[in-house]
Amino acid sequence: MTMRIVSFGGPGGEQPGVLVDDHTILPLAPVLAPFGLPATDITQILAVWPTARPLVAAALADPEHRIARAAVRLGPPVPRPGKVIAVGFNYPVHSHAVLGDVPAPTEPVLFLKLPGSVCGPYDPLIRPPETAALDYELELAVVIGRAGRRIAPGDALDHVAGYMIANDVTARDVVLGAGGTGSPLQMQLLRGKGFPSFCPTGPWLATPDELPDAEPLRLRLSVNGQARQDGWTSDMLFDVPALISSVSATTDLLPGDVILTGTPSGCGFALDPPAYLTDGDEIAGSITGLGEMRQRVMDERAVVRRPAVPTTPQELP
Ligand code: ZN
(Lines give C-alpha, C1' and ligand atoms only; values in the text may rest on other atoms or scores of the structure.)
Protein backbone atom coordinates (compact mmCIF):
# COMPACT_ATOMS: atom_id res chain seq x y z
CA MET A 1 0.00 0.00 0.00
CA THR A 2 1.32 3.40 -0.96
CA MET A 3 1.54 5.77 1.98
CA ARG A 4 1.18 9.49 1.45
CA ILE A 5 3.65 11.28 3.72
CA VAL A 6 2.97 14.96 4.41
CA SER A 7 4.20 17.71 6.68
CA PHE A 8 1.83 20.06 8.45
CA GLY A 9 2.15 23.24 10.47
CA GLY A 10 3.67 26.67 9.99
CA PRO A 11 6.76 27.33 7.87
CA GLY A 12 9.84 26.08 9.74
CA GLY A 13 7.76 24.26 12.35
CA GLU A 14 6.27 21.48 10.24
CA GLN A 15 5.55 18.07 11.75
CA PRO A 16 5.48 14.85 9.74
CA GLY A 17 2.29 12.93 9.16
CA VAL A 18 0.63 10.43 6.85
CA LEU A 19 -2.69 10.93 5.08
CA VAL A 20 -5.34 8.57 6.41
CA ASP A 21 -7.64 9.66 3.59
CA ASP A 22 -8.02 12.83 1.53
CA HIS A 23 -9.30 14.78 4.54
CA THR A 24 -7.41 13.39 7.52
CA ILE A 25 -3.80 13.35 8.75
CA LEU A 26 -2.21 10.91 11.16
CA PRO A 27 0.68 12.74 12.91
CA LEU A 28 3.75 10.53 13.16
CA ALA A 29 5.14 11.87 16.46
CA PRO A 30 2.70 10.04 18.78
CA VAL A 31 3.10 6.87 16.71
CA LEU A 32 6.89 6.69 16.63
CA ALA A 33 8.09 8.48 19.78
CA PRO A 34 6.87 5.76 22.20
CA PHE A 35 9.13 3.30 20.39
CA GLY A 36 12.20 5.51 20.74
CA LEU A 37 12.24 6.20 17.01
CA PRO A 38 12.86 9.62 15.44
CA ALA A 39 9.44 11.22 15.38
CA THR A 40 9.65 14.84 14.26
CA ASP A 41 12.25 14.99 11.46
CA ILE A 42 11.12 13.23 8.29
CA THR A 43 14.71 12.88 7.11
CA GLN A 44 15.53 10.83 10.20
CA ILE A 45 12.27 8.92 9.93
CA LEU A 46 13.01 7.96 6.33
CA ALA A 47 16.36 6.58 7.48
CA VAL A 48 14.53 4.09 9.75
CA TRP A 49 11.47 3.66 7.53
CA PRO A 50 11.65 -0.15 7.33
CA THR A 51 11.21 -0.17 11.14
CA ALA A 52 8.74 2.72 11.27
CA ARG A 53 6.50 1.61 8.46
CA PRO A 54 4.70 -1.30 10.20
CA LEU A 55 4.07 0.93 13.22
CA VAL A 56 2.56 3.58 10.95
CA ALA A 57 0.48 0.96 9.14
CA ALA A 58 -0.90 -0.29 12.47
CA ALA A 59 -1.69 3.26 13.57
CA LEU A 60 -3.56 3.93 10.32
CA ALA A 61 -6.00 1.21 11.35
CA ASP A 62 -6.48 2.81 14.78
CA PRO A 63 -8.74 5.89 15.05
CA GLU A 64 -6.52 7.74 17.56
CA HIS A 65 -4.55 10.94 16.90
CA ARG A 66 -6.28 12.40 13.88
CA ILE A 67 -6.00 15.94 12.47
CA ALA A 68 -8.31 17.48 9.87
CA ARG A 69 -6.31 18.31 6.77
CA ALA A 70 -8.34 21.45 6.20
CA ALA A 71 -7.33 22.79 9.62
CA VAL A 72 -3.59 22.97 8.91
CA ARG A 73 -1.13 24.24 6.33
CA LEU A 74 0.54 21.47 4.35
CA GLY A 75 4.27 22.11 4.14
CA PRO A 76 6.86 20.48 1.90
CA PRO A 77 6.92 16.71 2.58
CA VAL A 78 10.66 17.05 3.22
CA PRO A 79 10.98 20.51 4.77
CA ARG A 80 14.77 20.52 5.20
CA PRO A 81 16.40 18.34 2.54
CA GLY A 82 20.15 17.95 2.85
CA LYS A 83 20.43 18.74 -0.84
CA VAL A 84 18.15 19.33 -3.80
CA ILE A 85 19.81 18.22 -7.01
CA ALA A 86 18.12 19.16 -10.25
CA VAL A 87 18.65 17.71 -13.70
CA GLY A 88 18.66 19.91 -16.77
CA PHE A 89 17.72 18.97 -20.33
CA ASN A 90 16.20 15.59 -19.45
CA TYR A 91 13.24 15.92 -21.83
CA PRO A 92 14.34 16.32 -25.46
CA VAL A 93 11.60 18.74 -26.54
CA HIS A 94 12.27 21.11 -23.64
CA SER A 95 16.02 20.86 -24.26
CA HIS A 96 15.56 21.81 -27.88
CA ALA A 97 13.53 24.85 -26.86
CA VAL A 98 16.34 26.00 -24.55
CA LEU A 99 19.41 24.98 -26.51
CA GLY A 100 18.36 24.67 -30.13
CA ASP A 101 20.10 22.08 -32.31
CA VAL A 102 22.87 20.79 -30.11
CA PRO A 103 23.66 17.15 -29.36
CA ALA A 104 21.80 15.61 -26.42
CA PRO A 105 23.83 15.39 -23.20
CA THR A 106 25.68 12.09 -22.80
CA GLU A 107 25.30 12.20 -19.01
CA PRO A 108 22.78 14.02 -16.79
CA VAL A 109 23.41 17.76 -16.42
CA LEU A 110 23.21 18.54 -12.70
CA PHE A 111 22.73 21.72 -10.72
CA LEU A 112 21.62 22.58 -7.19
CA LYS A 113 18.46 24.22 -5.91
CA LEU A 114 19.12 26.09 -2.68
CA PRO A 115 17.39 24.40 0.28
CA GLY A 116 15.93 27.81 1.15
CA SER A 117 13.87 27.69 -2.06
CA VAL A 118 11.85 24.71 -0.79
CA CYS A 119 8.28 25.55 0.21
CA GLY A 120 4.89 23.90 0.61
CA PRO A 121 2.53 22.85 -2.19
CA TYR A 122 0.08 25.72 -1.72
CA ASP A 123 2.41 28.46 -0.51
CA PRO A 124 2.55 31.65 -2.56
CA LEU A 125 5.19 31.86 -5.29
CA ILE A 126 7.04 35.06 -4.51
CA ARG A 127 8.24 36.90 -7.61
CA PRO A 128 11.43 38.79 -6.72
CA PRO A 129 12.09 42.20 -8.29
CA GLU A 130 15.22 40.84 -10.03
CA THR A 131 13.14 39.04 -12.67
CA ALA A 132 10.79 39.97 -15.47
CA ALA A 133 10.82 36.41 -16.81
CA LEU A 134 9.42 34.17 -14.08
CA ASP A 135 8.66 30.67 -15.34
CA TYR A 136 7.54 27.23 -14.14
CA GLU A 137 8.97 23.74 -14.66
CA LEU A 138 6.78 20.89 -13.46
CA GLU A 139 8.93 17.93 -12.46
CA LEU A 140 8.81 14.51 -10.83
CA ALA A 141 10.85 14.68 -7.62
CA VAL A 142 12.53 11.58 -6.21
CA VAL A 143 13.26 11.45 -2.48
CA ILE A 144 16.08 9.24 -1.25
CA GLY A 145 15.39 6.86 1.63
CA ARG A 146 18.51 4.74 1.86
CA ALA A 147 22.00 6.20 1.69
CA GLY A 148 24.38 5.14 -1.03
CA ARG A 149 27.40 5.98 -3.16
CA ARG A 150 28.07 4.65 -6.66
CA ILE A 151 24.68 2.99 -6.75
CA ALA A 152 24.20 0.64 -9.71
CA PRO A 153 21.13 1.39 -11.84
CA GLY A 154 19.77 -2.06 -11.00
CA ASP A 155 19.88 -1.26 -7.28
CA ALA A 156 18.75 2.36 -7.53
CA LEU A 157 15.06 1.91 -6.78
CA ASP A 158 15.95 0.26 -3.45
CA HIS A 159 17.23 3.69 -2.40
CA VAL A 160 14.00 5.55 -3.19
CA ALA A 161 11.78 6.65 -0.27
CA GLY A 162 9.14 7.96 -2.64
CA TYR A 163 8.00 10.46 -5.23
CA MET A 164 6.39 13.87 -5.14
CA ILE A 165 5.57 16.81 -7.38
CA ALA A 166 7.99 19.72 -7.64
CA ASN A 167 7.97 22.98 -9.53
CA ASP A 168 11.51 24.00 -10.50
CA VAL A 169 10.60 27.67 -10.64
CA THR A 170 13.05 29.62 -12.77
CA ALA A 171 13.80 33.29 -13.38
CA ARG A 172 14.92 32.91 -17.01
CA ASP A 173 16.52 36.33 -17.24
CA VAL A 174 18.48 35.82 -14.02
CA VAL A 175 19.72 32.44 -15.28
CA LEU A 176 21.06 34.08 -18.43
CA GLY A 177 23.03 36.49 -16.27
CA ALA A 178 24.14 40.04 -16.83
CA GLY A 179 23.73 40.95 -20.47
CA GLY A 180 21.40 38.04 -21.11
CA THR A 181 23.70 36.44 -23.65
CA GLY A 182 23.61 33.01 -22.03
CA SER A 183 27.36 32.66 -22.42
CA PRO A 184 28.71 29.93 -20.12
CA LEU A 185 30.58 32.37 -17.89
CA GLN A 186 27.43 34.36 -17.28
CA MET A 187 25.05 31.48 -16.59
CA GLN A 188 23.51 31.89 -13.14
CA LEU A 189 21.48 28.72 -12.60
CA LEU A 190 21.85 28.81 -8.83
CA ARG A 191 20.64 32.40 -8.58
CA GLY A 192 17.89 32.09 -11.15
CA LYS A 193 16.47 28.93 -9.59
CA GLY A 194 17.33 29.59 -5.96
CA PHE A 195 15.07 32.37 -4.68
CA PRO A 196 12.75 31.64 -1.73
CA SER A 197 9.58 29.77 -2.80
CA PHE A 198 11.22 28.63 -6.09
CA CYS A 199 10.91 24.93 -5.16
CA PRO A 200 7.36 24.08 -4.09
CA THR A 201 6.99 20.35 -3.36
CA GLY A 202 4.09 18.10 -2.42
CA PRO A 203 1.29 17.86 -1.48
CA TRP A 204 2.58 14.46 -0.43
CA LEU A 205 5.50 12.06 -0.76
CA ALA A 206 4.10 8.80 -2.14
CA THR A 207 5.99 5.71 -1.06
CA PRO A 208 6.86 3.66 -4.13
CA ASP A 209 4.82 0.56 -3.29
CA GLU A 210 2.33 1.20 -6.08
CA LEU A 211 4.67 3.24 -8.28
CA PRO A 212 7.41 0.64 -8.62
CA ASP A 213 9.39 2.16 -11.45
CA ALA A 214 8.11 5.74 -11.47
CA GLU A 215 7.13 5.35 -15.11
CA PRO A 216 5.15 6.30 -17.01
CA LEU A 217 3.53 9.07 -15.03
CA ARG A 218 1.68 11.95 -16.65
CA LEU A 219 2.72 15.50 -15.70
CA ARG A 220 0.29 18.36 -16.31
CA LEU A 221 0.54 22.04 -15.47
CA SER A 222 -1.85 24.88 -16.11
CA VAL A 223 -1.70 28.63 -15.55
CA ASN A 224 -5.01 30.33 -14.77
CA GLY A 225 -6.77 27.20 -15.99
CA GLN A 226 -4.99 27.20 -19.35
CA ALA A 227 -3.06 23.99 -20.11
CA ARG A 228 0.68 24.59 -20.55
CA GLN A 229 2.61 21.38 -19.86
CA ASP A 230 1.43 17.84 -20.59
CA GLY A 231 4.15 15.21 -20.66
CA TRP A 232 5.10 11.73 -19.58
CA THR A 233 8.02 10.66 -17.44
CA SER A 234 8.68 7.93 -20.01
CA ASP A 235 10.02 10.72 -22.27
CA MET A 236 12.96 11.32 -19.94
CA LEU A 237 16.36 11.01 -21.57
CA PHE A 238 17.74 9.46 -18.35
CA ASP A 239 15.27 7.51 -16.23
CA VAL A 240 15.13 7.50 -12.43
CA PRO A 241 17.59 4.60 -11.92
CA ALA A 242 20.05 6.19 -14.34
CA LEU A 243 19.78 9.54 -12.53
CA ILE A 244 20.31 8.01 -9.09
CA SER A 245 23.28 6.06 -10.37
CA SER A 246 24.77 9.12 -12.02
CA VAL A 247 24.27 11.51 -9.10
CA SER A 248 25.63 8.97 -6.62
CA ALA A 249 28.80 8.64 -8.68
CA THR A 250 29.58 12.22 -7.66
CA THR A 251 28.27 12.42 -4.12
CA ASP A 252 26.76 10.36 -1.33
CA LEU A 253 23.01 10.26 -1.54
CA LEU A 254 21.46 10.50 1.93
CA PRO A 255 17.96 10.03 3.34
CA GLY A 256 15.85 13.08 2.54
CA ASP A 257 17.92 14.18 -0.44
CA VAL A 258 15.73 15.27 -3.34
CA ILE A 259 16.39 14.83 -7.06
CA LEU A 260 14.33 16.85 -9.55
CA THR A 261 14.20 14.89 -12.78
CA GLY A 262 13.71 17.59 -15.40
CA THR A 263 10.70 19.18 -17.07
CA PRO A 264 8.73 18.38 -20.21
CA SER A 265 7.98 20.99 -22.87
CA GLY A 266 5.50 23.83 -22.54
CA CYS A 267 7.33 26.30 -20.33
CA GLY A 268 6.36 29.95 -20.65
CA PHE A 269 9.60 31.05 -22.31
CA ALA A 270 9.05 28.62 -25.20
CA LEU A 271 5.57 29.91 -26.08
CA ASP A 272 5.10 32.30 -28.97
CA PRO A 273 5.07 34.94 -27.69
CA PRO A 274 6.68 34.01 -24.35
CA ALA A 275 4.25 34.09 -21.43
CA TYR A 276 5.89 34.74 -18.08
CA LEU A 277 4.24 34.59 -14.68
CA THR A 278 2.88 37.78 -13.19
CA ASP A 279 1.33 38.84 -9.91
CA GLY A 280 -1.94 37.01 -9.29
CA ASP A 281 -1.38 34.12 -11.70
CA GLU A 282 -2.46 30.75 -10.39
CA ILE A 283 -0.42 27.65 -11.27
CA ALA A 284 -1.75 24.11 -10.87
CA GLY A 285 0.54 21.12 -11.34
CA SER A 286 -0.35 17.44 -11.10
CA ILE A 287 1.35 14.09 -11.62
CA THR A 288 -0.33 10.68 -11.74
CA GLY A 289 -0.79 9.40 -8.19
CA LEU A 290 0.93 12.37 -6.60
CA GLY A 291 -1.96 14.79 -6.27
CA GLU A 292 -2.01 18.43 -7.28
CA MET A 293 -0.06 21.46 -6.09
CA ARG A 294 -1.12 25.04 -6.58
CA GLN A 295 0.70 28.32 -6.28
CA ARG A 296 -0.47 31.89 -6.61
CA VAL A 297 2.18 34.31 -7.84
CA MET A 298 2.72 37.35 -5.64
CA ASP A 299 5.18 40.16 -6.24
CA GLU A 300 7.70 40.28 -3.42
CA ARG A 301 7.06 43.98 -2.93
CA ALA A 302 3.33 43.33 -2.60
CA VAL A 303 3.47 40.49 -0.09
CA VAL A 304 1.23 42.00 2.56
CA ARG A 305 -0.63 39.14 4.19
CA ARG A 306 -2.69 38.27 1.16
CA PRO A 307 -4.10 34.76 1.58
CA ALA A 308 -2.43 31.82 -0.12
CA VAL A 309 -4.47 29.58 -2.39
CA PRO A 310 -7.34 28.02 -0.42
CA THR A 311 -6.64 24.44 0.57
CA THR A 312 -10.01 23.14 1.63
CA PRO A 313 -10.20 19.44 0.78
CA GLN A 314 -13.20 20.02 -1.47
CA GLU A 315 -10.93 21.87 -3.87
CA LEU A 316 -8.29 19.21 -3.88
CA PRO A 317 -8.25 16.18 -6.14
ZN1 ZN B 1 14.12 21.97 -14.10
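Just so it is clear, the model here is predicted, and its values are computed rather than measured.

Draft legend 1. Highlighting unusual backbone geometry. Cis geometry marks the peptide bond from Gly202 to Pro203; its omega dihedral reads 15°. With respect to the element layout, Pro203 can be found in the loop between strand E14 (199-200) and strand E15 (205-206). With an omega dihedral of 0°, the bond running from Asp272 to Pro273 counts as a cis peptide bond. Counting through the fold element by element, Pro273 comes out in the loop between strand E18 (258-260) and strand E19 (282-287). Phi at Phe89 takes a positive value of approximately 60°, unusual for a residue other than glycine. Although it is not a glycine, Arg150 adopts a positive phi angle of roughly 50°. Its place among the elements puts Arg150 in the loop between strand E11 (138-144) and strand E12 (160-167). Looking at Arg150, the relative accessible area reads 59%, which means it is exposed.

Draft legend 2. Fine view of the pairing of E19. The buried fraction of E19 amounts to 5 of the 6 residues, a majority that puts the element mostly inside the structure. In the sheet, E19 pairs with strand E20 (residues 292-299) via 5 bridges, with the strands oriented antiparallel. The residue bridging Ala284 from the neighbouring strand is Arg294, located in E20. In sequence, E19 turns back onto E20 through a hairpin of 4 residues, with Gly289 there showing a positive phi of about 80°.

Draft legend 3. Spotlight on the domain arrangement of the chain. Along its sequence, the chain is carved into domain 1 (4-74) and domain 2 (78-305). One C-alpha centre belongs to domain 1, the other to domain 2; they are set 26 Å apart. At the interface, 16 residues of domain 1 touch 18 residues of domain 2. Summing the contributions of domain 1 and of domain 2, the shared interface buries around 1,400 Å²; its carbon and sulfur component is 57%. At the surface where domain 1 touches domain 2, the tally comes to 2 salt bridges. The partner of Asp209 in a salt bridge is Arg53, with the nearest N and O atoms 3.5 Å apart. Its residues placed into classes, the side of domain 1 that touches domain 2 shows 8 nonpolar, 3 polar and 5 charged.

Draft legend 4. Layout of the coordination of the zinc ion. Surrounding the zinc ion are the protein donor atoms Glu137 (OE), Glu139 (OE) and Asp168 (OD), which sit 1.9 to 2.1 Å from the metal. When the donor residues of the zinc ion are listed from N- to C-terminus, their spacing reads E-x1-E-x28-D. Residue Glu139 is located in strand E11, and its partner Asp168 is located in the loop between E12 and strand E13 (170-171); the two are separated by 29 residues in the primary sequence. Each member of the pair, Glu139 together with Asp168, is buried.

Draft legend 5. Quick look at the side chain of Asn90. For Asn90, the position within the fold is in the loop between strand E6 (84-88) and helix H4 (92-99). We classify Asn90 as buried; its relative accessible area is 1%. In this structure the side chain of Asn90 is engaged in a polar contact, spanning 2.8 Å, whose partner is the backbone nitrogen of Phe238. Ignoring any residue separated from it by four or fewer positions in sequence, one finds Asn90 in contact with Ser95, Asp235, Met236, Leu237, Phe238, Leu243, Thr261 and Gly262.

Draft legend 6. Looking closely at a nonpolar patch on the surface. Together, Val98, Leu99 and Val102 make up a nonpolar patch on the protein surface, roughly 220 Å² of accessible area in all. Structurally, Val98 can be placed in helix H4.

Draft legend 7. Examining the sheet that holds strand E16 (residues 218-223) more closely. With mixed pairing, 5 strands are arranged side by side in an open sheet as E9-E20-E19-E16-E17. If you trace the sheet from one side to the other, it starts and ends with strand E9 (125-127) and strand E17 (226-232), each paired once. Along the sheet, successive strands turn relative to each other by an average axial angle of 20°, direction set aside. One ladder, built from 5 bridges, connects E16 with E19; its direction is antiparallel. By the bridge assignment for E19, Leu219 is matched with Ile287.

Calculation rules
- Residues numbered from 1 in each chain as written.
- Predicted model: local features only at pLDDT ≥ 70, side-chain atom pairs only at ≥ 80, totals over all residues.
- Heavy atoms only, no water.
- Helix = DSSP H or I, 4+ residues; strand = E, 2+ residues; numbered from the N terminus.
- Buried < 20%, exposed > 50% of the residue type's maximum accessible area, 1.4 Å probe, protein only.
- Pairing = 2+ DSSP bridges.
- Domains from an automatic or database assignment.
- Contact = heavy atoms within 4.5 Å.
- Buried area = accessible area lost by both parts, 1.4 Å probe.
- Salt bridge = Lys/Arg side-chain N within 4 Å of Asp/Glu carboxyl O.
- Nonpolar A, V, L, I, M, F, W, Y, C, P; charged D, E, K, R; others polar.
- Donors = N, O, S within 2.8 Å, 3.2 Å for Na, K, Ca; no water.
- Polar contact = N/O pair within 3.5 Å; in protein donor to acceptor, adjacent residues only side chain to side chain.
- Patch = residues over 30% accessible without salt bridge, like charges linked within 9 Å, V, L, I, M, F, W, Y side chains within 5 Å.
- Areas by Shrake-Rupley, 256 points an atom, 1.4 Å probe, with all protein chains shown as cover.
- Axes fitted to C-alpha atoms, helices over the stretch in contact; angles between N-to-C directions.

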